[in-house]
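A structural walkthrough
Letter by letter, the chains look like this.
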Amino acid sequence: MTMHAWPASEVPALPGSGRDLAIHDTASGGRVRLTPGPVARLYVCGITPYDATHLGHAATYNAFDLVQRVWLDTKRQVHYVQNVTDIDDPLLERAVATGQDWTEIAERETALFRADMTALRMLPPRQFIGAVESIPAIVPIVERLREAGAAYELDGDIYFSVAADAHFGEVSGLDAATMRALSAERGGDPERPGKKNPLDPLLWVAARDGEPHWDGGSLGQGRPGWHIECVAIALEHLGMGFDLQGGGSDLAFPHHEMGASHAQALTGSHPFAQTYVHAGMVALDGEKMSKSRGNLVFVSTLRRDGTDPAAIRLALLAHHYRADWEYTDAVLDAAVARLARWRAAVSRPDGPPAEELVEQIRAALADDLDAPRALAAVDAWAQRQHADGGTDEGAPGLVSRAVDALLGVAL
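Throughout what follows, the structure given in this document is the object of discussion. (Residues numbered from 1 in each chain as written. Predicted model: local features only at pLDDT ≥ 70, side-chain atom pairs only at ≥ 80, totals over all residues. Heavy atoms only, no water.)

**Things to note about the pattern of salt bridges**
- Tallied over the full model, the rule gives 25 salt bridges.
- Put simply, Arg121 and Asp404 hold a salt bridge, and the shortest N to O gap is 3.0 Å. Residue Arg121 is located in the loop between helix H3 (102-119) and strand E5 (127-130), and its partner Asp404 is located in helix H13 (residues 395-407); the two are separated by 283 residues in the primary sequence.
- Taking the relative accessible area as the measure of exposure, Asp404 reaches 12% and is therefore buried.
- The partner of Asp157 in a salt bridge is Arg192, with the nearest N and O atoms 2.7 Å apart. (Salt bridge = Lys/Arg side-chain N within 4 Å of Asp/Glu carboxyl O. Helix = DSSP H or I, 4+ residues; strand = E, 2+ residues; numbered from the N terminus. Buried < 20%, exposed > 50% of the residue type's maximum accessible area, 1.4 Å probe, protein only.)

**Here's the deal with the sheet that holds strand E9 (residues 214-215)**
- What the five strands build is an open sheet, ordered E6-E7-E8-E10-E9; its pairing is antiparallel. In this open sheet, the two edge strands, each paired with only one partner strand, are strand E6 (151-154) and E9.
- Bridging between E9 and strand E10 (residues 221-224) involves two bridges; their strand directions are antiparallel. What sits directly across from Trp214, in E10, is Gly222.
- With respect to the sheet, helix H4 (residues 135-147) is in contact with E6, strand E7 (157-160), strand E8 (202-206), E9 and E10, its orientation differing from that of E8 by roughly 110°. (Pairing = 2+ DSSP bridges. Contact = heavy atoms within 4.5 Å. Axes fitted to C-alpha atoms, helices over the stretch in contact; angles between N-to-C directions.)

**Side note on the pairing of strand E2 (residues 30-33)**
- Where strand E1 (residues 22-25) and E2 come together, four bridges link them in antiparallel fashion. Within E2, the position partnered with Asp25 by the bridge is Gly30.

**So, the side chain of Asp116**
- Looking at the element boundaries, Asp116 is found in helix H3.
- Not counting the four nearest positions on each side in its chain, Asp116 is found in contact with Ala52, Thr53, Val299, Ser300 and Arg303.

**Here's the deal with the side chain of Asp65**
- Note on placement: Asp65 falls in helix H1 (residues 55-73).
- With relative accessibility at 1%, the residue Asp65 sits in the buried group.
- Beyond its immediate chain neighbours, meaning those up to four positions away, Asp65 contacts Arg121, Met122, Leu123 and Arg313.

**Side note on the nonpolar core**
- Of all hydrophobic cores here, the largest spans 79 residues; its most connected members are Leu55, Tyr327, Leu365, Trp381 and Leu407.
- For this core, the leading source of residues is H1, giving ten residues.
- Judged by nonpolar contacts, the second largest core, of 42 residues, contains Val81, Ala150, Val162 and Met179. (Core = buried A, V, L, I, M, F, W, Y, C linked by side-chain atoms within 4.5 Å.)

**Some words on empty space enclosed by the protein**
- Under the criterion given, the structure shown has three cavities of 30 Å³ or more.
- Of the pockets and cavities examined, the largest cavity occupies roughly 110 Å³.
- Forming the boundary of the largest cavity are 15 residues, of which Ala59, Leu316, His319, His320 and Tyr321 lie nearest the centre.
- At the level of secondary structure, the elements contributing two or more residues to the lining of the largest cavity comprise H1 and helix H9 (309-317).
- Element by element, the count of residues in the lining of the largest cavity is highest for H1, at four residues.
- Each residue belonging to the lining of the largest cavity can be placed in one class, and the counts come to ten nonpolar, five polar and no charged. (1 Å grid on protein atoms, 1.4 Å probe; cavity = no way out; pocket = protein on both sides within 12 Å on 5 of 7 lines; lining within 4 Å. Points joined across faces, edges and corners; volume = space filled by probe spheres on them. Nonpolar A, V, L, I, M, F, W, Y, C, P; charged D, E, K, R; others polar.)

Okay, structure coming up:
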């Protein structure tokens, strides 16, 4: 199945020019100023489509949508790539548990994800690519890693040797004990006997009875491991050293760490991505929102219940992208009220001058995507509008365009 992204909403042009983005880089542990070329290259890791799209997903994609909007405001183009892990253990486990075909689950949940992204006005990737359709690109990469001595076979499975990359560990900055614990928690198999290093991840999973598999050439029948799919897709479409790799904070290790090492061992160059940016986790009832716990708030459910997608987006924007936060009904109620105030403010025929507000939003977003500060600036303009009004007939329209272009909220 060939993946297709969702339709793009128009991004209004604003007067003046945007500012370069300074953002927190996980690998260096500090803030870096991003100065891409005329085409900024962005890779964001996508969903495993067995439940889509909960607010944790939406918060992550909202963060990187803001990155795109800041870059577009600087008159750059953005080459954005996103994958879909449409074959992996969690998807197969869901198929077994529900008695459904795994391909039907993947197609249904991916379609729902597209619909949610469209409703939330997330800008689509230029390439939206599934792991299954990437197998022809993955197989030769695994073969090359094996030929280079960076991979080895264990009972028909092919593992990557983390010792093959001198830079292993530099993305997450974690110690070995923490890595081992997270590996066990996040899809690895550190206790498997026979591995050269407990942290070594799977590149190719040999065919198991009752599981889907594909022709892997010299690798035999099987399916790809988790991390190698993103490497194959990113290298094909963005090349080594692209500007930013993003995802939730739970992807820093093992996913982004392992992917970087795969690519660096394969190419002999460093780094895989110039910057690694990670969004915080969204909790519900005191626990991280996750499929395994079942404590999920779905975007599609909120939409079906009549919540304006713009309010959902404002609920996300009210929290700094790197913060861990807890969803409550009060969070959504506050967003609904804010949306109503903003829409009422821009519906009047004139208002206070808005040029300074545009610069305030730009400055806030350029400062590590400080969306809450940007929202506060719009709140202040709306408050002046409601209190005293103004005489600038172009101000309400400029505010609407700025909020749409920079924050992705349609007023």
